[in-house]
Amino acid sequence: MVVVIRKRIRPWLKKLVLLLGTIFLQMIFWGLFLFPPFGQISSGVEDQVQTTRFFLKRPCTEPAEQTESGLREFPVCVWMPKTLPSTPLPVVLYSPGAFGGENANTILCETIASNGYMVLAMSHPYHSISTKLSDGRSIPIDLTFMKDVMTNPHDLPRSAQLSRFRTWVGMQVGDMTFLLDALQNGALPEAVQKNIDARQIFLSGHSLGGAAALEIGRKRASDLKGVIALESPYFCDILDVNDNQFRYVQEDYPLPVLNIYSDALWPRLPNMAGTEY
């Protein structure tokens, strides 16, 4: 004779197990998403370049953007040819996309530098996943910013979308503008400054960083030679909203622009008329 004893699991225990399981799976998903288990892809030219790093501090009146009282510090990573020529180098200022840091596009920076350029790539505290400052502190990403970017609903009124766009890009425009001014004023570290040809400045960036580069390029075309925009929206060309539609700048962009799009976005561009792209 076989006796089967069934023990009923309490409903609250089922819910607890389900909740803990869901949290565990979410942690695994986001861990793999933010820190994929892949090795660093080689540019193939890393032995042809050298790198260094410095930090800049700019005045900042917005408390949520400050890294210390009244100031905002951000790191800048530098790539340049290992063998420097006798003449100064043209320079590319690079801003990463949302969540990215100064090393977010190392392969691109190494490749550009190996072709005879100086590359200055920055991190943006509170927009980068983590930013390490000169005093050793690490500034984590602003979770509200992260949530807004990842859940940005396209059914929001255009006015609300434009407000978000301007808030997001404003911080990165401020950092990149300060770096550009420091370069033109000869205020960078001597080992970097002396090797830069300030008459040949290009701006570049990915996504949100590219939007910042495009905005500065439109405002300061006489200081620049061109812009390299990697899958970047033209926030700067949106003037305002009329009848829930974006109203755009009509003037031609004043600089040469190299727009680069991924295979994922390129086929969708014809259907994105009237958007930030």
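None of the values given here were measured: they were computed from a predicted structure. (Residues numbered from 1 in each chain as written. Predicted model: local features only at pLDDT ≥ 70, side-chain atom pairs only at ≥ 80, totals over all residues. Heavy atoms only, no water.)

> Pulling in residues and values, what's your account of the packing of aromatic side chains?
Applying the stated criterion to the full structure yields 8 aromatic pairs. Aromatic pair F99 and F145: ring centres 6.2 Å apart, planes at 80 degrees, arrangement edge-to-face. One end of the pair, F99, is in the loop between β3 (89-95) and α2 (106-114); the other, F145, is in helix α3 (residues 143-150), and 46 residues separate them in sequence. For the pair F99 and F145, a shared accessibility class is recorded, and that class is buried. One aromatic cluster is present, formed by F99, F145, F165, W168, F235, F246 and Y248 through successive ring pairs. (Phe/Tyr/Trp six-rings, centres within 6.5 Å; stacked < 30°, edge-to-face > 60°. Helix = DSSP H or I, 4+ residues; strand = E, 2+ residues; numbered from the N terminus. Buried < 20%, exposed > 50% of the residue type's maximum accessible area, 1.4 Å probe, protein only.)

> Describe in detail the nonpolar core, supporting the description with residues and values.
L93, M118, L120, L179 and L188 are the most contacted members of the largest nonpolar core, which has 47 residues in total. Broken down by element, this core gets its largest block of residues, 10 residues, from helix α4 (residues 158-184). Beyond its immediate stretch of four places on either side in the chain, L179 contacts F54, L56, V76, L93, L120, M122 and L188. One finds V49, Y94, A121 and L230 within the second-largest nonpolar core, a separate group that totals 11 residues. (Core = buried A, V, L, I, M, F, W, Y, C linked by side-chain atoms within 4.5 Å. Contact = heavy atoms within 4.5 Å.)

> Which residues make up the sheet that holds β3, and what are the values?
One open sheet holds the 7 strands; their spatial order is β1-β2-β4-β3-β7-β8-β11, and the pairing between them is mixed. Edge strands, defined here as strands with exactly one partner in the open sheet, are β1 (49-59) and β11 (257-260). On average, each strand axis in the sheet is inclined to that of its neighbour by 20 degrees, with strand direction left out of account. Pairing analysis gives 4 bridges linking strand β8 (residues 226-230) to β11, with the strands arranged parallel. Following the sheet pairing, I228 is matched in β11 by L258. Packed onto the sheet, α4 meets β1, β2 (71-81), β3, β4 (118-122) and β7 (196-206) and runs at close to 110 degrees relative to β1. Relative to β7, helix α6 (residues 208-219) is tilted by about 135 degrees, and along the sheet it contacts β3, β7, β8 and β11. (Pairing = 2+ DSSP bridges. Axes fitted to C-alpha atoms, helices over the stretch in contact; angles between N-to-C directions.)

> So what's going on with the pattern of salt bridges? Residues and values would help.
Following the criterion strictly, the structure yields 12 salt bridges and no others. As a salt-bridge pair, D223 and R220 come within 3.1 Å of each other at their nearest N and O atoms. Taking relative accessible area as the criterion, D223 reaches 24% and is therefore assigned partly exposed. Overall, the relative accessible area of 18% leaves R220 in the buried class. (Salt bridge = Lys/Arg side-chain N within 4 Å of Asp/Glu carboxyl O.)

> I'd like to hear about α2, residue by residue, with values.
Because each turn of an α-helix spans 3.6 residues, side chains separated by three or four positions in sequence point in the same direction. Listing the buried residues of α2 in full gives T106, C109, E110, I112 and A113. End-on, the buried residues of α2 take up no more than an arc of 165 degrees, which puts them together on one face. Lining the buried residues of α2 we find β1, β2, β3 and β4. (Arc of directions from axis to C-beta.)

> Residue-level account of unusual backbone geometry, with values.
Backbone geometry at Y126 places phi at a positive 80 degrees, although glycine is not the residue there. Note on placement: Y126 falls in the loop between β4 and β5 (130-132). For Y126, a relative accessible area of 17% gives the class buried. With a phi angle near 60 degrees, N244 is a residue other than glycine that sits in the positive phi range. Its place among the elements puts N244 in the loop between β9 (238-242) and β10 (245-248).

> Residue-level account of a nonpolar patch on the surface, with values.
A contiguous nonpolar patch, built from W12, L13, L16, V17, L19, L20, I23 and M27 and spanning about 800 Å² of accessible area, is present on the exposed surface. Within the secondary structure, I23 is located in helix α1 (residues 11-34). (Patch = residues over 30% accessible without salt bridge, like charges linked within 9 Å, V, L, I, M, F, W, Y side chains within 5 Å. Areas by Shrake-Rupley, 256 points an atom, 1.4 Å probe, with all protein chains shown as cover.)

> Help me get a handle on the confidence of the model for the chain, residues and values and all.
Chain-level statistics for the chain give a pLDDT mean of 89 and a share of 93% at 70 or above. Of all helices and strands in the chain, the one with the weakest mean pLDDT is α1 (78), whereas β3 scores best (98). (pLDDT = per-residue confidence, 0-100.)

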